[in-house]
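Structural characterization, general
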Amino acid sequence: MAEHTIKKIGVFTSGGDAPGMNAAIRAVVRTANYYGIECYGIREGYNGLIHGHFTKMGPRSVSNIINLGGTILKSARSEDFRTPEGRKMAYEQCQKHEINALVCIGGDGTFKGAKVFNEEYGIQTICIPGTIDNDIFGTDTTIGYDTALNTAMEAIDKIRDTATSHNRVFFVEVMGRDAGFIALNSGIATGAVDILIPEQKDSINDLFDTFRKSAKRGKNSSVVVVAEGEELGNVYELAKKTKEEFPAYDIRITILGHIQRGGSPTCGDRVLASRLGYGAVTGLMEGRTNVMAGIRSNQLVYTTIEEAIKKHNTINKDLLQISEILAL
Ligand code: F6P
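Residues numbered from 1 in each chain as written. Predicted model: local features only at pLDDT ≥ 70, side-chain atom pairs only at ≥ 80, totals over all residues. Heavy atoms only, no water.

**A short note on the packing of aromatic side chains**
What the rule picks out here adds up to twelve aromatic pairs. Between Tyr-46 and Phe-81 the ring centres are 4.0 Å apart and the planes differ by 15°, which places this aromatic pair in the stacked class. Of the two residues, Tyr-46 is situated in helix α2 (residues 45–51) and Phe-81 in the loop between β3 (54–56) and α3 (84–96); the sequence distance between them amounts to 35 residues. Look at Phe-81 and you get buried, because its relative accessible area is 4%. A centroid spacing of 4.6 Å and a plane angle of 10° characterise the contact between Phe-246 and Tyr-249, whose relative ring orientation is stacked. For the pair Phe-246 and Tyr-249, a shared accessibility class is recorded, and that class is buried. A connected cluster of aromatic rings, assembled from ring pairs, spans Phe-12, Tyr-46, Phe-81, Tyr-91, Phe-117 and Tyr-121. The ring of Phe-137 carries the charged tip of Arg-296 above its face, separated from the ring centre by 4.9 Å. (Phe/Tyr/Trp six-rings, centres within 6.5 Å; stacked < 30°, edge-to-face > 60°. Helix = DSSP H or I, 4+ residues; strand = E, 2+ residues; numbered from the N terminus. Buried < 20%, exposed > 50% of the residue type's maximum accessible area, 1.4 Å probe, protein only. Lys NZ or Arg CZ within 6 Å of the ring centre and 35° of its normal.)

And the structure:
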């Protein structure tokens, strides 16, 4: 490893928590300690940065957390950090504790904060993509996405059991904010009759056609997976319109909600988080700043925060066609 000037770094988690964040914290703390860098955990994201909630972390402070959901550092969406006064206080805390580099784990809101802080005060920053939504450009997947996907899949499998027993139609809403990754992939994995995501223009008549066709093919029950950001309507509106069109249908609604944010991370998320935590610290040691560590085609890569914020992770259109064909 090349010579570096990093002596003390801070690490925090911010925005919506995601399974695997603890594995990332562990990797940051242990990599830093391995290379003789002091590491401070910052509690509750940018709020902790503003108020100086820093705790020195050694390798033993992150024992037995690789398998835990949530984040031991806690998380928050900080309103105060959006203000110049809040960021000034955060800078003063960094100076006081002689922290000149930060590892910021979170989604695009976290990244925007890191970028502006870097530009205003020159603090070296590296971001790690941690969000179940998988909506970050510059990495094939984000920490937490695989776990959330598997949680959604298991839940929808269970819904299918009861849907089949009662010949019912279920509209299941999954998370993802404005992105349809969880919906599309959990829908394919559970054989949903239709999947509605914001990245695709859907029409209510297409949905009705799908119901008619599947009835003709002898299907007695259906599960429709709907992304929370779907523009055609939410699950209540879609269920209402469907009932008006097909009065005989016995329709139920399930919103999976925050169950998708919790739980023990999958093997994939633990390994991803470990690689990115390591990559963030070694990236800082190489002098990188204002970038995000990601994994693309199984390689550790760094993308500028500017690009990670501006561009979007795109849905694989093949999956849309596959989902349609396989719902035959
Ligand atoms: O970004 C993660 C996420 O879980 C989104 O999928 C969802 O829209 C949002 O956070 C929910 O946020 P909150 O936990 O503040 O309700």
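**Focus: the state of the cysteines**
Under the defined criterion, the tally for this structure stands at zero disulfides. We note that Cys-104 lacks a disulfide partner, and the nearest cysteine sulfur, in Cys-127, lies 4.5 Å from it. (Disulfide = S-S within 2.5 Å.)

**Describing the site of the ligand**
Residues in contact with the ligand, as listed here, are Arg-77, Thr-131, Ile-132, Asp-133, Met-175, Gly-176, Arg-177, Glu-228, His-258 and Arg-261. In the model, an oxygen atom of the ligand is placed 3.3 Å from a nitrogen or oxygen of the Arg-177 side chain. The contact in question runs from an oxygen atom of the ligand to an N or O atom on the side chain of Glu-228, over 2.6 Å. Considered on its own, the ligand offers 400 Å² of accessible surface; in the complex 75% of this is hidden by protein. Residue composition of the shell around the ligand, grouped by class: two nonpolar, three polar and five charged. Both domains that furnish three or more residues to the shell around the ligand are identified here as domain 1 (8–144 + 265–310) and domain 2 (146–261). (Near = heavy atom within 4 Å. Polar contact = N/O pair within 3.5 Å; in protein donor to acceptor, adjacent residues only side chain to side chain. Areas by Shrake-Rupley, 256 points an atom, 1.4 Å probe, with all protein chains shown as cover. Nonpolar A, V, L, I, M, F, W, Y, C, P; charged D, E, K, R; others polar. Domains from an automatic or database assignment.)

Functional significance is not addressed by these values, which are geometric in nature.
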